[in-house]
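Notes for the structure review
For reference, the chains in residue letters:
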Amino acid sequence: ECEVLIRKLAKLVQDFTHEVIPDPQRTFFALALGKLQAAPFSESQMQELRTRWFKLLPAPSEAARVPEGQPFFLRAIAQTARLMGEEDADILDSGPDNYCDGRMVGYGHTFPRVPLVFRPKIKERRYDESEFQAENSNYGSAKEHAQQIEVQFQEEEKMGFMFPLTESEARRRYGDRLRVASLGAIPKDDERVRVIFDATHFVQINNGIVIQDRLEFPGPEASATAMEETLAAGHQLMIAVAADIALAHRRFKHREEDVGLLGCRVEEDGPIWFNKVGTFGVACAAYHFARLASLLGRLVMRLNGQAHAFQLLFADDLKMMAAGERKYHTIWYMLVTWLMLGTPFRWPKFRGGVCLEFVGFYMDYCKF
């Protein structure tokens, strides 16, 4: 049953790719040069592919439902993952701490080990000690950019990431689990700011989260290994593309009872804003995203069979590499699968080709 589903789903993805991308090499280089402002096919075409995917699953109508506040078709992914023998499938939709209903922030909680996905943590980071204070004022950098932060919060409210409450309503709703963290802000190139939620100092949320698994990220040695494997397989050229998963750490939601821990303010006398999703500065954000993204990545690789392909994920930066006669097709099969699952990408930020700079290292896939 597992192999039958993989064959059928892989054929769906391949047939779709051939239909909407008649020249995969030319379209690949347009992608690699950042010339595609959006997908080279319509959303309605992608939705047709998803509908055909759902029909392969035990509960198609359930598969079509996207949990609120999520871009991913988690219920369809869960059904697919189970049929494929994915060992970590239950975290998507089962038990008290799952992605469909919302993951725990983990304050006052020890996350159990997940040995099938992560190696054990061997170094424990010590957080700064500070005197506990449930409600805090912002740092100077956030006060300086308050107007822009307010605009961004309003945008994120429309996306379902955040919501504001009056102080009295926040106290009524969350009681002694109400926390208001200090915010900092780092200016970005496009006049926007990266908002930093300080979940360590005074609110002590990070100090109360225990993660036993080790997060590992690919450095130059991982790229070198991919090159060595490619040469050993007799290939003289490899192509690669790097993708930016849009707002990656905010693409999973937290369970409702933990949202009160993720409060912050823009202005001292303004409403309290609450994060419903993963938040930059909270210890569990990278951990929860890594577990979800790695599951999606394994599903993508299963559909590629014995194609000579690699994937590396560093936080929100995804790199896909392929070699062989059908390398351009392979890259598109992988990317189409990520999109089918619901992954949001920043299209103008795609980059690559036969040379690529990835997380600070430059790779030449012609000279290896």
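Located above this text is the structure these notes cover.
Described below are features of the structure shown in this document. (Residues numbered from 1 in each chain as written. Predicted model: local features only at pLDDT ≥ 70, side-chain atom pairs only at ≥ 80, totals over all residues. Heavy atoms only, no water.)

Here we take up the environment of R177. Following the sequence through the fold, R177 ends up in the loop between α9 (167–174) and β3 (180–187). Exposure remark for R177: the relative accessible area of 31% places this residue in the partly exposed category. Sequence separation of R177 and M238 is 61 residues, and the distance between their C-alpha atoms is 52 Å. (Helix = DSSP H or I, 4+ residues; strand = E, 2+ residues; numbered from the N terminus. Buried < 20%, exposed > 50% of the residue type's maximum accessible area, 1.4 Å probe, protein only.)

Here we come to the pattern of salt bridges. Oppositely charged side chains may form a pair once their charged atoms are brought near each other. By the definition in use, this model includes 27 salt bridges. Put simply, E43 and R50 hold a salt bridge, and the shortest N to O gap is 3.1 Å. The exposed category is assigned to E43, whose relative accessible area is 52%. Within the structure, one salt-bridge network assembled from shared partners comprises E135, E167, R171 and R265. (Salt bridge = Lys/Arg side-chain N within 4 Å of Asp/Glu carboxyl O.)

Let us look at the nonpolar core. Grouped together as the largest cluster of nonpolar side chains are 66 residues, with contacts concentrated most on W53, I77, L335 and F345. At 11 residues, the largest contribution of residues to this core is made by helix α12 (residues 327–341). Residues contacting F345, with those up to four places away along its chain left out, are A243, D244, I245, A246, L318, L335, W338, L339 and F350. With 32 residues, the next largest nonpolar core counts V114, F161, W273 and Y287 among its residues. (Core = buried A, V, L, I, M, F, W, Y, C linked by side-chain atoms within 4.5 Å. Contact = heavy atoms within 4.5 Å.)

Inspection of the secondary structure assignment puts A146 in helix α8 (residues 146–158). For the pair formed by A146 and Q133, sequence separation is 13 residues and the distance between their alpha carbons is 22 Å. Residues in contact with A146, not counting those within four places in the same chain, are V266 and E267.

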